[in-house]
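Coordinate analysis (summary)
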Amino acid sequence: MKGIILLANGFEDVEMISTLDLLRRANIETYTIGVMNNKDILSQSNVIYKCDYLLKDIDINNYDFLIIPGGKAVFNDLDKPIVETIVESFNKRNKKIGAICAAPRILGKMGLLKNRKFTCFPSVKDDIKDGIYQKQDTVVVDGNYITSRSAGTAIDFGLKIIEELLGKEEALRIQNVIYYNVEM
């Protein structure tokens, strides 16, 4: 099992790093993919990260899940037809698609959250028409979609992805490894 995290300038650091770290701790092959033609991606907090691969250098059909972090990138470089094509490819194959913070906006714009439960950063909820917004939830799973609220819910998001891919036992193991909500 292996998956990709799409990155473009302005992505939210915590959402990418926390998710990537947790997935790799669970031994899930996960790669960062630069959507534009540059492996050096400038995060929302002005840190440069080097992607594992460029989109043009991979075959997305060889991957089992997709993750899209939020941040300003969702309104700029990730708001492109190529990203919709990638999402459509994973969706047609009924693969897991994780979107956090502003990123569920991409799924909503494509009509994929129609009549589905979701959560997102509160300021973008109105951009998602016909979905069922779950204000109280930090992470929501509906079908093959996993959505999460914000940078503050990134650990919950990563653990839920692990649970969906490998099961609750592995998610609990990783939760214990990082001492997240574990009694001492």
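Residues numbered from 1 in each chain as written. Predicted model: local features only at pLDDT ≥ 70, side-chain atom pairs only at ≥ 80, totals over all residues. Heavy atoms only, no water.

1. Focus on the packing of helix α1 (residues 13–25) against helix α4 (residues 154–166)
To keep it simple, the criterion reads: Only the contacting stretch of a helix is used when fitting its axis, a line to C-alpha atoms as for every element, and angles between N-to-C directions run 0 to 180 degrees. Labels follow the DSSP assignment, with helices taken as runs of H or I lasting at least four residues and strands as runs of E lasting at least two, numbered in each case from the N terminus. Note on convention: near helix rotated counterclockwise from far helix by under a right angle means a left-handed crossing. Clockwise means right-handed. Any pair of residues with heavy atoms lying within 4.5 Å of one another is described as a contacting pair. Polar here means any residue other than Ala, Val, Leu, Ile, Met, Phe, Trp, Tyr, Cys and Pro, which are nonpolar, and Asp, Glu, Lys and Arg, which are charged; Gly is therefore polar.
Running from N to C, α1 and α4 point in directions that differ by 35°, and their axes come no closer than 8 Å. Crossing of α1 over α4 shows right-handed handedness. Listed contacts from α4 to Val-14, Glu-15, Ser-18, Thr-19, Leu-22 and Leu-23 of α1 are Ala-154, Ile-155, Phe-157, Gly-158, Leu-159, Ile-161 and Ile-162. Residues belonging to the contact of α1 with α4 are distributed by class as follows: nine nonpolar, three polar and one charged.

2. Points about unusual backbone geometry
Here is the rule we go by: Summary of the burial criterion: residues with accessible area below 20% of their type's maximum are buried, those above 50% are exposed, and those between are partly exposed, where the area comes from a 1.4 Å probe applied to protein chains only.
Phi is positive for Asn-115, which is not a glycine, with a value near 60°. Phi angles above zero are rare outside glycine, and Tyr-179 is one such case at about 55°. Positionally, Tyr-179 belongs in the segment after α5 (168–177). By relative accessible area, which is 55% here, Tyr-179 ends up exposed.

3. With respect to the pairing of strand β10 (residues 139–142)
Quick note on the threshold: Each pair of strands is called paired provided DSSP finds at least two bridges between the two strands.
Both β10 and strand β11 (residues 145–148) contribute to a ladder of four bridges, which runs antiparallel. Each bridged residue has a counterpart across the sheet, and for Val-140 the counterpart in β11 is Thr-147. Linking two consecutive strands that pair antiparallel, namely β10 and β11, is a turn of two residues; a positive phi of about 65° is found at Gly-143 within it.

4. A few points about the state of the cysteines
Our working rule: Here, a disulfide means two cysteine sulfur atoms that sit within 2.5 Å of each other.
Per the stated rule, a full pass over the model turns up zero disulfides. Just so you know, Cys-120 is unpaired, no disulfide at all, and the nearest cysteine sulfur is the one on Cys-101, 8.4 Å from it. Classification of Cys-120 by relative accessible area gives buried; the value is 0%.

5. Re the packing of α4 against α5
Across the interface, α4 lies against α5 with an axial gap of 7 Å and an inter-helix angle of 145°. Note on packing geometry: the crossing formed by α4 with α5 is right-handed. Residues Leu-159, Ile-162, Glu-163 and Leu-166 of α4 touch α5, and the partners they reach there are Lys-168, Glu-170, Ala-171, Ile-174 and Gln-175. For the contact of α4 with α5, the per-class residue count stands at five nonpolar, one polar and three charged.

6. Regarding the pattern of salt bridges
Close approach of charged atoms lets side chains of opposite charge pair. Let me state the cut-off plainly: The working definition used for a salt bridge is a side-chain nitrogen of Lys or Arg within 4 Å of a carboxyl oxygen of Asp or Glu.
In total, this model carries 14 salt bridges according to the counting rule given. Across the pair Asp-40 and Lys-50 runs a salt bridge whose closest N-O atoms are separated by 2.8 Å. Remark: Lys-50 occurs in strand β4 (residues 48–50) and Asp-40 occurs in strand β3 (residues 40–42); sequence separation between them is ten residues. When its relative accessible area of 57% is taken as the criterion, Lys-50 is described as exposed. Of the charged contacts in the structure, one is a salt bridge between Lys-95 and Asp-64, with a shortest N-O distance of 3.8 Å. On the criterion of sequence distance, the pair formed by Lys-95 in the loop between α2 (81–92) and β7 (96–100) and Asp-64 in the loop between β5 (53–54) and β6 (65–68) is long-range, its members being 31 residues apart. Asp-64 gets classed as partly exposed once you look at its relative accessible area, which sits at 25%. The structure contains a network of salt bridges with shared partners spanning Asp-79, Glu-84 and Lys-109.

7. A few points about the side chain of Thr-119
The condition that has to hold: Think of a polar contact as two N or O atoms within 3.5 Å of one another; within protein, one of them needs to be a possible hydrogen donor and the other a possible acceptor, and neighboring residues in sequence only count if both atoms come from side chains.
With respect to the helices, strands and loops of the structure, Thr-119 is situated in the loop between β8 (117–118) and β9 (132–133). Exposure remark for Thr-119: the relative accessible area of 0% places this residue in the buried category. Here the side chain of Thr-119 touches Gln-134 through a polar contact of 3.3 Å, landing on its backbone oxygen. In contact with Thr-119, other than residues within four places in its own chain, are Pro-104, Tyr-133, Gln-134, Asp-137, Thr-138, Val-139, Val-140, Thr-147, Ser-148 and Arg-149.

8. A word on the side chain of Gln-175
Of note, Gln-175 is situated in helix α5. Residue classification places Gln-175 among the buried residues on the basis of a relative accessible area of 18%. Residues in contact with Gln-175, not counting those within four places in the same chain, are Leu-159, Tyr-180, Asn-181 and Val-182.

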